[in-house]
Amino acid sequence: MPLPILSWMVSLYGNHLAGPLFESQDVVVQNAIGISLDDPFSTKAWKADTDIASGKVPWPGNPEPVQNVLFKDTIAWTLCYGYKIGQGVMQDQSNIVFRNGVVYKAAVGFAIHHKYGTGIVSDVRFESMDVEDISGSNEDNSAWMTLFTVNGGNHGVGPIRGVTVKDITVRDAGESFAKIKGLEGAMITDLTFENVYMPGSNTPARTLQEMNFLNKEHYSGVTIKPVQNTEPLPLINLALHRPAVASSNDGIENTAPYVTDGNLTTRFGSKRGVDPGWIYVDLGETKKINEVRLYWEAAYGKSYRIQVADAPNQEANWSDVYSTTNGKGGLERITFNEVEARYVRMYGTVRATIYGYSIWEFEVYGPTQ
């Protein structure tokens, strides 16, 4: 039996879902332009009393899986995800293909966001996709691609299995980093990346690091084609678990220690509406350094400096190794000439928002470790 075909030209604006498929099987969506504040092209599987039903008018019939769905020849323009599976995965989702799609503008190009439910996501293909503009953020995600599982609303977690990402042109990798982030009991497995071209490169990426996958947990079985190189050994973050001191906090809790705890779900935040604002890390002893990575939350610094000192107790002791008046937020990798220092500080002078300065992680690296 031939697949039902949904073929149209769409221009949609709204607060909610622009073009999702709920609990659908054997469907083709093609020749479509999705313009929305939320996810233009997505698949979801809910229970009868969740999401838009919300106890008001339950879905007719019984909840069903999502199977055999093809999105082809489409353009996405959104503030959120261009193409996505999830968030709802309360039933299984399988054999879903996104082909010949263009992400004209989005916070995340395409993703599997397994947030609600214990269903299995399997046999997914992203093929011949062109990612043009990744800007802004959605729940602190700003990347060409993400794969992750979250126990949303304590509805449980489920695995992601068998994902192929093939013939992809990434013109903008995003303001932050890509992620492959499973959970214990909900692994992400059997991933194939083939002919993924990152910005400025004429050859396909050969490692996950080249594809900007910097947050990776609970995953296995990665194949990269046509050539796969060994992932480079990670540099040692000299700031990890080191003491941190801040100028202020946005509440009664001292959040400074969160900036070096190695956890990208906890953050430091300075007092709202106050400039300057700063936070420094004590490396424990004088070390050679030449790089700082700031993982900004939404409240980032527009103008700030990276400073070093041998003793932090007087302002005159601090010297600049980097400064900017055009901070972008997201993940900012800051390199500078090698210096020796024990204390490293982010000194913010102009906030980008009405809030304070908020950082998930403050990392420090040296030239040889």
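Residues numbered from 1 in each chain as written. Predicted model: local features only at pLDDT ≥ 70, side-chain atom pairs only at ≥ 80, totals over all residues. Heavy atoms only, no water.

A. Representation of the pattern of salt bridges. Taken as a whole and judged by the stated rule, the model has twelve salt bridges. The partner of Arg 171 in a salt bridge is Asp 130, and the shortest N-O contact between them spans 2.7 Å. Of this pair, Arg 171 sits in the loop between β11 (160-170) and β12 (178-181) while Asp 130 sits in strand β9 (residues 121-131), placing them 41 residues apart in sequence. Salt-bridge contacts for Arg 351 lead to Asp 275; the nearest nitrogen and oxygen are separated by 3.3 Å. Here Asp 275 lies in the loop between β17 (268-269) and β18 (277-296) and Arg 351 lies in strand β21 (residues 331-351), a separation of 76 residues in the sequence. For Asp 275, a relative accessible area of 34% gives the class partly exposed. When salt bridges with common partners are traced through the structure, they connect Asp 39, Lys 44 and Lys 84 into a single cluster. (Salt bridge = Lys/Arg side-chain N within 4 Å of Asp/Glu carboxyl O. Helix = DSSP H or I, 4+ residues; strand = E, 2+ residues; numbered from the N terminus. Buried < 20%, exposed > 50% of the residue type's maximum accessible area, 1.4 Å probe, protein only.)

B. The sheet that holds strand β10 (residues 143-149), seen in detail. Read from one edge of the open sheet, seven strands run β2-β4-β6-β8-β10-β12-β14, paired in parallel fashion. Where the open sheet ends on each side, the last strands, each with one partner, are β2 (20-22) and β14 (213-217). Across this sheet, the average inter-strand angle for adjacent strands is 10°, counted without regard to direction. In the sheet, strand β6 (residues 81-89) pairs with strand β8 (residues 108-114) via four bridges, with the strands oriented parallel. Considered in β8, the bridge of Lys 84 is made with Ala 111. (Pairing = 2+ DSSP bridges. Axes fitted to C-alpha atoms, helices over the stretch in contact; angles between N-to-C directions.)

C. Spatial organisation of the side chain of Gln 93. Within the secondary structure layout, Gln 93 lies in strand β7 (residues 93-105). Judged by relative accessible area, which is 0%, Gln 93 ranks as buried. Residues within four places of Gln 93 in sequence aside, it is in contact with Thr 43, Lys 44, Ala 45, Val 66, Ile 85, Gly 86, Gly 88, Ile 120, Val 121 and Ser 122. (Contact = heavy atoms within 4.5 Å.)

D. The arrangement of the pairing of β21 in detail. Pairing of β18 with β21 involves 14 bridges; the strand directions are antiparallel. Within the sheet, the bridge partner assigned to Trp 278 lies in β21 and is Tyr 347. Pairing of strand β19 (residues 301-309) with β21 involves eight bridges; the strand directions are antiparallel. By the bridge assignment for β21, Tyr 304 is matched with Gly 348.

E. Representation of the confidence of the model for the protein chain in the model. Confidence in the prediction of the protein chain, expressed as mean pLDDT, is 90, and 91% of residues score 70 or more. For residues 6-18, every residue scores under 50 in pLDDT, and the model assigns this stretch 33 contacts once sequence neighbours within four places are set aside. (pLDDT = per-residue confidence, 0-100.)

F. Looking closely at the nonpolar core. Counting residues in each nonpolar core, the largest one holds 48 residues, and the members touching the most others are Phe 110, Phe 126, Trp 144, Val 165, Phe 193 and Met 211. By size, the runner-up hydrophobic cluster in this structure holds 26 residues, among which are Ile 279, Val 292, Ile 306 and Ile 334. (Core = buried A, V, L, I, M, F, W, Y, C linked by side-chain atoms within 4.5 Å.)

G. Local environment of unusual backbone geometry. Backbone torsion omega between Gly 86 and Gln 87 reads 15°, so that peptide bond is classified as cis. Relative to the elements of secondary structure, Gln 87 occurs in strand β6. Omega for the peptide link from Asp 275 to Pro 276 comes to -5°, which places this bond in the cis form. Within the secondary structure, Pro 276 is located in the loop between β17 and β18. Here the phi dihedral of Asp 26 falls at roughly 55°; this positive angle occurs in a residue that is not glycine. Mapped onto the elements, Asp 26 comes out in strand β3 (residues 25-36).

H. Representation of the packing of aromatic side chains in the model. Scanning the entire structure with this criterion turns up 17 aromatic pairs. Put simply, the rings of Phe 41, Phe 71, Tyr 83, Phe 98, Phe 110, Phe 126, Trp 144, Phe 193 and Phe 213 pair up and form one aromatic cluster. It is Arg 293 that lies over the ring of Tyr 365; its NZ or CZ is 4.3 Å from the centre. The lysine or arginine in question, Arg 345, covers the ring of Trp 278, its NZ or CZ lying 5.4 Å from the ring centre. (Phe/Tyr/Trp six-rings, centres within 6.5 Å; stacked < 30°, edge-to-face > 60°. Lys NZ or Arg CZ within 6 Å of the ring centre and 35° of its normal.)

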